[in-house]
Each structure stands twice: as C-alpha cells, then as structure tokens.
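Spelled out, the chains give:
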Amino acid sequence: MLPTLLSEELCSLNEGLERLSFSVVWKMDNNANILDTWFGRGIILNKCRLDYDHAQMMLSGEIGPEDVGKMEVKYRPIEGVALDDVIDSVKALKFLSDFIRRRRQDNGSYSINLPKLSFKLDDIGNPTEVSLYILKDSNKLIEDWMLLANESVAKRITQAFPQQAMLRNHQPPLLRNLSGMQRILKGLDLPTLQGDNQQALQAWMNAVQAKTTPGVFSAILNRATKAMKQAEYVCPDMFESPAELLHFALGMPLYTHFTSPIRRYPDIIVHRMLQAALMQEQGEEGSSRWQQLVMTVPDASTVRTICHRANDRKSASKQAQTEHGEAYLYVLLKAEGGRRVTAGIVGVGSTSIQVFLSCFSMEAAVGLDQINPKPTGHNIVKSKKGLSLRLTFADRAPVPLSSYQEIPVFVTGKLTQGRIGFNIELLLDEL
C-alpha cells in the first residue's frame, strides 16, 4: 500500500470531498454495449459512502428510501442527495453489469476460485469466529466494472506502446495435470472435462458441482486449481505472437491492472503509460510536460524487469496472506481446544492421506498414526476408481478410504519451532 496519507486520505474517495481521478468513462446503450469510451483526468465527488454490505442491502431491497434515518450517519448521502437516487444508481449499475458479465462468459470467461477465510474479531483483535467469505452480487458488480476498465485501458496502452505495455497474462492450464483426477472422476461416475477451452472448463465445473456435495466439490475444485497456471505481469516484448497475451481465465485478448494504484505498483506504471498515450493522441509530443512524463514510462527491457519483480512480490504477498489466515485460525482453534469438521480425501498413500478441509479452504496431510482408532495394518488397492487405502484392525472390519470420500476429522493447531501448523485426526468411529 501507499503511505496512509495517500491511500486513506488524498487517494481515497471519501464522501463529500473532491478528489483527483483518472477515469474510464463509457457511453452505453441499455444492453451495456459500448458506444464510446473516454479516458482522462478529472475531479470526482463521492456523494455517498458505500461498502459491499450496504450496496447488497440496496440491491436486495433491505434498504429503501425510507430507511435513511435508521442508517449510521457515515453511510447517509451527503446533504442535498436523496437516498433513493443512490439506490437507483446502484441498481442501474447492477442491471448493466449483468449484461457485461454474461457477455464476458460468452467470450470464454470462467471462475473456479476457492473462497477465502473471513474472521470476526473481538475488541482486542482476537478471532472469535471463522467462515468462508462468500461473494455477493455487490462484489460481482464492482468486479464487472473493474474488469471492463482494466480491459479498456489494456487495449489503449497496447495501441500506444505495442512492445512495452504492462499487461496481465494468464496462460491456458496444463490439461495433462488433470489427467489423474479425470480417471478418478470417471471411475466414480462423475462428469469429466470435455474440451480444452474456457467454456468446457466452466461447464465441467458446473456439472461436477451439480452431482456432488459441497464438501466433495470443494475438494475437486481445490485439485483443479493446482493444474491452473498463475496469472502474471508481462509485456508484448516477451512473446512472439499477440495471441499469447490472452488472459485465459477472463477470456480477454488483452488485460491489465489499472484500478488499484494505491496498493499495486504495476497500476502506477499503467497510469503513466495511459497518460502518455493520451498526450500523444492530443498532439502534445515534444512539449516539456510530455518530456517529463515520458521519462517515467519505462522501456521494454525495464518493463520486463518490473514484471519479474512484481510477479515475485505478488507470489510472496499471496503466501503472506495464506500464513496470515493460518495464524488467526491457529489462535481460534487453540482457544476452542480444536474443532470437529468434515474433510474430503484428495489423495491416498502408503504413509498418509491428503485431505481438503472446505470449511477452512485448506489442504493438509493426515498421517496413518493420526487415525483414531489406530489401524493394525494397511494396503493400497488399485481399481478403476483410482487408488484407495484399506485399513485393517484387530477388533473391527476393514475400512476402505478412497479419493473424494468425505470423512470426519478433528483439527487442532500446533506450533513447531515457531512455525504454525495443524494436527488433523481422522475419526473412524464416526464413519
């Protein structure tokens, strides 16, 4: 993030205050077909403070014009602005965004992201509850408009800087990485992937979801995401063909990051490129202002270096986010003494079982010594359904465990040499 003075004050759209903006403005018809696009700097005045929850309540009808007196003061529109005008604007944006989303899906966009953990905290910051953060219509509304802005800017800067435009690229998945899972799904009489494009992937996920429990679907989804490549920052100079710049998951030939300059350095580079492109278009090349700006627009070689660094930092940030969630989960489980949950098996071996805990959006290994009651023996069984683990006991019938089977487990946190981890005990008595 940029320093607080910038990220929370000067660059934040606080209600009732004028702020400098760099905007993408579209003229659209009632079906969200773009008739004209304008890029430029301006001044914006936010007339009402909104968060995802309040916007969602406006969309669902839980907040109406008559409720303005019941709202916290900070969420009321500024003086002279009626709440019903704000609600109408939010609903109009949602109406248009539905067309934008459907059109994007028709062009190949798909989504198989796993939900993130969300924690409720007490007054001193300790976690008291954990849940999965579920995207609402208001989240999707903002996402649709942000994606459209990013796509529009990507096209414009690539036109101006065909070799050095800073873009966001997502390569197609390595389908051979899905082959093992496909064989297991076929043996379980579950849908398998038919095709190698975005529409086939989305149709496959929808079909699997319709035929499985939420826990099993989450386990399959988790494994599918491992076959997907990570999106990366790139520039055209890094590829031989423009077709390789495709963002596979979004189904967009060109895509970039423009909408979050307060928390992503690549967005700042994109802003500079867009401003240079606009000045070029307006015939300001050669002016002192142009010369000052062009000095801040990196050449293709420098953009490549920035891309590599940004990709490295993005990966580190993602890992830090994962570890941050694990730290809060550890504190919560320690306070509770552990929690009994359901997990889905995603793999079996001679020494451990790999499980996915959908309630925590986490994959982990269960050692055979963490099975209760403890087995006296075990062996791997191969069949058309894939590998399964057969556990034997002295005083009970054998228990088979196979991929995408749901099992009860008991989860506790552990701390080993300063590193957070989790003990997962398989509860056979509850099967």
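Since the structure is predicted, the reported quantities are computational estimates derived from the model, not experimental observations.

We now examine the packing of aromatic side chains. In the structure shown here, the tally under the stated rule is five aromatic pairs. Ring centres of Phe-95 and Phe-99 lie 5.3 Å apart, and the angle between their planes is 75°; on these two criteria the pair is classed as edge-to-face. One end of the pair, Phe-95, and the other, Phe-99, are both in helix 3 (residues 83–106), four residues apart, so they sit about a helical turn from each other. We classify Phe-95 as partly exposed; its relative accessible area is 47%. Measuring from ring centre to ring centre gives 5.7 Å for Tyr-110 and Phe-248, while their planes differ by 70°; the resulting arrangement is edge-to-face. Of this pair, Tyr-110 sits in the loop between helix 3 and strand 3 (116–121) while Phe-248 sits in the loop between strand 6 (232–234) and helix 8 (265–281); the two residues are 138 residues apart in sequence, bridging distant segments of the chain. The positively charged end of Arg-49 is found above the aromatic ring belonging to Tyr-75, 5.6 Å away from the centroid. Over the aromatic face of Phe-99 sits the side chain of Arg-102, whose NZ or CZ is 5.0 Å from the ring centroid.

Here the focus is the pairing of strand 14 (residues 406–416). By the bridge criterion, six bridges tie strand 7 (residues 339–348) to strand 14 in an arrangement that is antiparallel. Paired with Thr-342 across the two strands is Pro-408, which belongs to strand 14. With eight bridges joining them, strand 14 and strand 15 (residues 419–427) adopt antiparallel strand pairing. Bridge assignment links Leu-415 to a residue of strand 15, and that residue is Ile-420. Connecting the antiparallel pair strand 14 and strand 15 is a turn made up of two residues, with Gln-417 showing a positive phi of about 50°.

A few words now on the nonpolar core. Formed by 41 residues in total, the largest nonpolar core has its most connected members in Val-153, Ile-157, Phe-161, Met-166, Leu-167, Met-273 and Leu-274. Elements represented by at least two residues in this core include exactly strand 1 (18–28), helix 3, helix 4 (137–160), strand 6, helix 8, helix 9 (288–294) and helix 10 (300–336). Discounting chain neighbours no more than four positions away, the residues touching Leu-167 are Ala-154, Ile-157, Thr-158, Glu-232, Tyr-233, Val-234, Pro-236, Leu-245, Leu-254, Tyr-255 and Thr-256. Phe-360, Ala-364, Leu-368 and Val-399 belong to the second largest nonpolar core, which has 31 residues in total.

Turning next to the environment of Ile-371. Positionally, Ile-371 belongs in strand 10 (residues 371–372). Note on Ile-371: relative accessible area 0%, which makes it buried. Distance from Ile-371 to Val-409, taken between C-alpha atoms, is 9.0 Å for residues 38 residues apart in sequence. With near-sequence residues (within four places) excluded, Ile-371 lies in contact with Ile-353, Leu-391, Leu-426 and Leu-428.

Right, let's get into a nonpolar patch on the surface. A contiguous nonpolar surface patch, about 350 Å² in accessible area, is contributed by Tyr-52, Tyr-133, Leu-135 and Ile-142. Along the polypeptide, Tyr-52 turns up in helix 2 (residues 52–60).

Looking now at the packing of helix 3 against helix 4. Following both chains from N to C, one finds helix 3 and helix 4 inclined at 65°, their axes separated by 9 Å at the closest point. Of the two possible hands of crossing, helix 3 and helix 4 adopt the one that is left-handed. Here Val-90, Leu-93, Lys-94, Leu-96, Ser-97, Ile-100, Arg-101 and Arg-104 of helix 3 lie close against helix 4, whose contacting residues are Asp-137, Lys-140, Leu-141, Glu-143, Asp-144, Trp-145, Leu-147 and Leu-148. Of the residues in the contact of helix 3 with helix 4, the class split is eight nonpolar, one polar and seven charged.

Glancing now at the pairing of strand 13 (residues 399–402). Residues Val-399 and Leu-401 line the buried face of strand 13, whereas the alternating positions Pro-400 and Ser-402 sit on a face that is not buried. One ladder, built from four bridges, connects strand 12 (residues 386–392) with strand 13; its direction is antiparallel. The partner of Arg-390 across the bridge, within strand 13, is Pro-400. Where strand 12 folds back onto strand 13 in an antiparallel hairpin, the turn is made up of six residues.

Right, let's talk about the layout of surface pockets for a bit. In this model, the second largest pocket occupies a volume close to 320 Å³. Lining of the second largest pocket is provided by 19 residues; of these, Ile-34, Asn-107, Leu-148, Glu-151 and Lys-155 occupy positions nearest its centre. Sorting the residues of the lining of the second largest pocket by element identifies strand 2 (34–45), helix 3 and helix 4 as the ones contributing at least two each. In terms of residue count, the dominant contributor to the lining of the second largest pocket is helix 4 (six residues).

Turning our attention to the sheet that holds strand 7. An order of 9-8-7-14-15-10 is seen for the six strands of this open sheet, with the pairing classed as mixed. Across the chains shown, the open sheet's two edge strands, defined by having one partner strand only, are strand 9 (362–367) and strand 10. Helix 7 (residues 214–226) contacts strand 7, strand 8 (352–357), strand 9 and strand 14 of the sheet and is inclined by roughly 105° relative to strand 8. Across the face of the sheet, helix 10 comes into contact with strand 7, strand 9, strand 14 and strand 15 while running at roughly 55° to strand 15.

Okay, unusual backbone geometry next. At the junction of Asn-372 and Pro-373, the peptide bond is cis and its omega measures out at 0° in the coordinates. Take Pro-373: it is sitting in the loop between strand 10 and strand 11 (377–383). Although it is not a glycine, Asp-189 sits at a positive phi angle of roughly 60°. Locating Asp-189 in the fold gives a position in the loop between helix 5 (179–187) and helix 6 (198–211). The exposed category is assigned to Asp-189, whose relative accessible area is 63%.

Quick notes on the rules
Residues numbered from 1 in each chain as written. Predicted model: local features only at pLDDT ≥ 70, side-chain atom pairs only at ≥ 80, totals over all residues. Heavy atoms only, no water. Phe/Tyr/Trp six-rings, centres within 6.5 Å; stacked < 30°, edge-to-face > 60°. Helix = DSSP H or I, 4+ residues; strand = E, 2+ residues; numbered from the N terminus. Buried < 20%, exposed > 50% of the residue type's maximum accessible area, 1.4 Å probe, protein only. Lys NZ or Arg CZ within 6 Å of the ring centre and 35° of its normal. Pairing = 2+ DSSP bridges. Core = buried A, V, L, I, M, F, W, Y, C linked by side-chain atoms within 4.5 Å. Contact = heavy atoms within 4.5 Å. Patch = residues over 30% accessible without salt bridge, like charges linked within 9 Å, V, L, I, M, F, W, Y side chains within 5 Å. Areas by Shrake-Rupley, 256 points an atom, 1.4 Å probe, with all protein chains shown as cover. Salt bridge = Lys/Arg side-chain N within 4 Å of Asp/Glu carboxyl O. Axes fitted to C-alpha atoms, helices over the stretch in contact; angles between N-to-C directions. Left-handed = near helix turned anticlockwise from the far one by under 90°. Nonpolar A, V, L, I, M, F, W, Y, C, P; charged D, E, K, R; others polar. 1 Å grid on protein atoms, 1.4 Å probe; cavity = no way out; pocket = protein on both sides within 12 Å on 5 of 7 lines; lining within 4 Å. Points joined across faces, edges and corners; volume = space filled by probe spheres on them.

Shape is all these values report; function is a separate question.
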